[in-house]
Amino acid sequence: MASDKEYLDFVLEQLRDAEDISWRAMMGEYILYCQGKVIGGIYDNRLLVKPTESALSLLPDAPRELPYEGAKEMLLVEEIEDRELMTQLPAAIAADLPAPKKKRKS
């Protein structure tokens with residue numbers, strides 16, 4: 001099942017106070033970026049984020065779910081309407097992740 005653009009718009013509205021958020025459509029789902037780093041995505045109209053140390057600290061009781069078959073488990077964000085959480089979470093996850101690899105020109 002693909003995610004709805006309306007759900008993406010809802011999540012982006014909740015993330016409006018977070019800095020440097022971007023997204024990209026991919027195979028009917030949406031990948032979310034913060035500071036150019038993949039922090040999670042919208043899969044089957046669920047907001048799932050990478051289970052970094054900071055994410056686990058901010059979402060201690062979050063259920064772990066698979067975005068799609070064969071993928072690694074991610075954390076389900078259930079408190080999407082918590083504006084403070086949605087402002088802090090993306091930058092906290094991005095801070096835990098390595099810098100994106102530079103693409104080599106052929």
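**Q** For the pattern of salt bridges, give the residues involved together with the corresponding values.
**A** Summed over the entire model, instances satisfying the criterion amount to 4 salt bridges. With its nearest N and O atoms 1.9 Å apart, the salt bridge here joins R16 to E13. E13 gets classed as partly exposed once you look at its relative accessible area, which sits at 35%. A salt bridge links R46 to D44, with the nearest nitrogen and oxygen atoms 3.8 Å apart. One connected set of salt bridges, linked through shared partners, spans D44, R46 and E65.

**Q** Which residues make up the sheet that holds strand β4 (residues 46–49), and what values go with them?
**A** A sheet is described by the order of its strands in space; here 6 strands give the open sequence β1-β2-β3-β4-β6-β5, paired in antiparallel fashion. Two strands close off the open sheet at either side, each with one partner strand: β1 (21–26) and β5 (64–65). Across 5 bridges, strand β2 (residues 29–34) lies against strand β3 (residues 37–43) in antiparallel orientation. Its bridge partner lying in β3, C34 is registered against K37. Of the strands in this sheet, β1, β2, β3 and β4 are in contact with helix α1 (residues 5–14), which crosses β2 at around 20°. In the packing of helix α3 (residues 83–96) onto the sheet, the strands contacted are β1, β2, β3 and β4, and the crossing angle to β3 comes to about 130°.

**Q** Can you tell me about the environment of D17, naming the residues and giving the values?
**A** Looking at the secondary structure, you find D17 in the loop between α1 and β1. Between the alpha carbons of D17 and I93 there is a distance of 15 Å; along the sequence they are 76 residues apart. Not counting residues up to four positions away in its chain, the partners in contact with D17 are R83 and T87.

**Q** Tell me about the pairing of β2, residues and numbers included.
**A** On a regular strand, one side chain projects to one face of the sheet and the next to the other, so that they alternate. Within β2, 6 of the 6 residues are buried, which leaves it mostly tucked inside the rest of the structure. By the alternation rule, side chains of β2 split into E29, I31 and Y33 and Y30, L32 and C34, which are all buried. Here β1 runs beside β2; their pairing, made up of 6 bridges, is antiparallel. Bridged to A25 within β2 is Y30. With antiparallel pairing between neighbouring strands as the criterion, β1 and β2 make up a hairpin whose turn holds 2 residues, including M27 at a positive phi of roughly 50°. Hairpin connection, β2 to β3: the antiparallel pair is bridged by 2 residues, and Q35 has positive phi, about 55°.

**Q** So, unusual backbone geometry: which residues are in play, and what are the values?
**A** With a phi close to 55°, Q35 is a non-glycine residue in the positive phi region. Positioned with a positive phi, N45 is a non-glycine residue whose angle comes to about 55°.

Procedures and definitions
Residues numbered from 1 in each chain as written. Predicted model: local features only at pLDDT ≥ 70, side-chain atom pairs only at ≥ 80, totals over all residues. Heavy atoms only, no water. Salt bridge = Lys/Arg side-chain N within 4 Å of Asp/Glu carboxyl O. Buried < 20%, exposed > 50% of the residue type's maximum accessible area, 1.4 Å probe, protein only. Pairing = 2+ DSSP bridges. Helix = DSSP H or I, 4+ residues; strand = E, 2+ residues; numbered from the N terminus. Contact = heavy atoms within 4.5 Å. Axes fitted to C-alpha atoms, helices over the stretch in contact; angles between N-to-C directions.

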